[in-house]
Amino acid sequence: MSTSLSLTVRDSSTMLRRNLLHARRYPSLTLQLLLTPLVLLLVFVYVFGDVMSAGLLGGHADRGTYIAYVVPGILMMTIGGTSLGTAVSVCTDMTEGIIARFRTMAISRGSVLFGHVAGGVLQVMISVVLVIGVGLAIGFRTNATPLEWLAAVGLCALVGLALTWLAVGIGLSSPTPEGASNTGLPLMVLPFLGSAFVPVDSMPGWFRWFAEYQPFTPFIETLRGLLLGTEIGKNGWLTLGWGVALTALGWMWATSLFNRDPSGR
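(A) Highlighting the overall build of the protein. Counting secondary structure elements, the protein contains 12 helices and 0 strands. Reading the protein from its N end, one meets helices and strands in the order α-α-α-α-α-α-α-α-α-α-α-α. Counting every position in the protein, which comprises 265 residues, the buried fraction comes to 46%. Long-range contacts, defined as pairs at least 24 residues apart, comprise 79% of the intrachain contacts of the protein with a sequence gap of at least 6.

See the structure below:
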């Protein structure tokens, strides 16, 4: 068993290096996915910031407060958007026949998926660091302790892992890379339908229920609580539950698609 584990780790490391080399050679997709949340951050801060902050503060505009409010939501959008790159990458391997070739090689079958997931999560965390850096440059401030920062990084990694596994499943099930990108758009759009930019309490009652209990709202509120000291409450448990459930769902979906008979595709 130890030999099998060591072979899986070795093959997964090889696949990770391959995926990172591909990301270096074709950086346009990663830049596009990263620039979208950065542009949204700048637009919502400098174009809509005064109006949105006035609504948050009962008529007393304070752009700095709105920057603090919006950055956690943008970070979740960044994670969702960056994971789309994994869906496109996996689908590209499928359509070009590389996955079929890997199936016939004497390598650990799981290493192909683990390499994509590890590379995807690594890109997610790099994107998160870059967005935080831009946020700090334009006025984002936090009173988080080192332990709270560590918890926030762990939360981002958990969400990144969950969404990356889902992205792998999307990539394996999509007929074209363009289809994979379109199918995965909810991973980036759902924060708009949560508390990324406005509190859920300000939403209509018929929509508030969905906004409150869809996974991105507890993700955002927990991250907001860790970085800004706001109340986390039940959102912490919802975040953990959603993170574990989505990771398990994505893993089971992706592995079942990868291991099925290629002729059935």
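(B) Main features of the packing of aromatic side chains. One pass over the structure, following the stated rule, counts 6 aromatic pairs. Aromatic side chains Phe207 and Phe210 sit 6.0 Å apart centroid to centroid with 50 degrees between the ring planes, which places their arrangement in the tilted category. Placement of the pair is Phe207 and Phe210 together in helix α10 (residues 205-213), with a separation of 3 residues, close to one helical turn. Overall, the relative accessible area of 35% leaves Phe210 in the partly exposed class.

(C) Inspection of the pattern of salt bridges at higher detail. As enumerated under the stated definition, the model contains 2 salt bridges in all. Of the charged contacts, one joins Lys234 and Glu212 as a salt bridge, the two residues approaching to 3.5 Å between their closest N and O atoms. Highlighted residues: Lys234 in the loop between α11 (216-228) and α12 (235-259) and Glu212 in helix α10, separated in sequence by 22 residues. On the basis of relative accessibility, which here comes to 43%, the residue Lys234 falls in the partly exposed class.

(D) Quick look at the packing of helix α7 (residues 146-173) against α12. Contact geometry of α7 with α12 gives a least axis separation of 8 Å together with a crossing angle of 25 degrees. As far as their axial angle goes, α12 and α7 are roughly parallel. Crossing angle aside, the handedness with which α7 passes α12 is left-handed. From α7, Leu155, Leu158, Leu161, Ala162, Trp165, Leu166, Val168, Gly169, Ile170, Leu172 and Ser173 reach across to α12, where they touch Thr239, Leu240, Gly243, Leu246, Thr247, Leu249, Gly250, Trp251, Trp253, Ala254, Leu257 and Phe258. When grouped by side-chain class, the residues that make up the contact of α7 with α12 number 17 nonpolar, 6 polar and no charged.

(E) Representation of the environment of Leu226. Along the polypeptide, Leu226 turns up in helix α11. Put simply, Leu226 and Ala144 are 82 residues apart on the chain and 6.4 Å apart in space, counted from C-alpha to C-alpha. The contacts of Leu226, once residues within four sequence positions are left out, are Ala144, Glu148, Ala151, Ala152, Leu155 and Ile232.

(F) Broad picture of α11. Between its first and last C-alpha atoms α11 spans 17 Å; for 13 residues at 1.5 Å apiece the expected length is 18 Å, and the two agree. Those residues of α11 that fall on the buried side of the exposure criterion are Phe216, Thr217, Pro218, Phe219, Ile220, Glu221, Thr222, Leu223, Arg224, Gly225, Leu226 and Leu227.

(G) Structural context of the nonpolar core. One finds Ile74, Leu75, Met76, Ile79, Leu172, Phe197 and Leu223 to be the most contacted residues of the largest nonpolar core, which totals 64 residues. Elements with a contribution of two residues or more to this core: α2 (28-46), α4 (63-95), α5 (98-104), α6 (109-137), α7, α9 (186-189), α11 and α12. At 16 residues, the largest contribution of residues to this core is made by α4.

(H) The arrangement of the side chain of Ser83 in detail. Along the chain, the position of Ser83 falls in helix α4. On the accessibility criterion, Ser83 (1% relative accessible area) is buried. Apart from the residues lying within four places of it in its own chain, the contact partners of Ser83 are Val124, Leu163, Thr164, Ala167 and Leu187.

(I) Region of interest: the packing of α7 against α11. Viewed as axis vectors pointing N to C, α7 and α11 meet at an angle of 160 degrees, and their least axial separation amounts to 9 Å. Considered as vectors, α7 and α11 are oriented roughly antiparallel to each other. Pair α7 / α11 crosses with left-handed handedness. Residues Glu148, Trp149, Ala151, Ala152, Leu155, Cys156, Val159 and Leu163 of α7 touch α11, and the partners they reach there are Phe216, Phe219, Thr222, Leu223, Leu226 and Leu227.

Cut-offs used in this document
- Residues numbered from 1 in each chain as written.
- Predicted model: local features only at pLDDT ≥ 70, side-chain atom pairs only at ≥ 80, totals over all residues.
- Heavy atoms only, no water.
- Helix = DSSP H or I, 4+ residues; strand = E, 2+ residues; numbered from the N terminus.
- Buried < 20%, exposed > 50% of the residue type's maximum accessible area, 1.4 Å probe, protein only.
- Contact = heavy atoms within 4.5 Å.
- Phe/Tyr/Trp six-rings, centres within 6.5 Å; stacked < 30°, edge-to-face > 60°.
- Salt bridge = Lys/Arg side-chain N within 4 Å of Asp/Glu carboxyl O.
- Axes fitted to C-alpha atoms, helices over the stretch in contact; angles between N-to-C directions.
- Parallel < 35°, antiparallel > 145°, perpendicular 65-115°, else oblique.
- Left-handed = near helix turned anticlockwise from the far one by under 90°.
- Nonpolar A, V, L, I, M, F, W, Y, C, P; charged D, E, K, R; others polar.
- Expected span 1.5 Å × (residues − 1).
- Core = buried A, V, L, I, M, F, W, Y, C linked by side-chain atoms within 4.5 Å.

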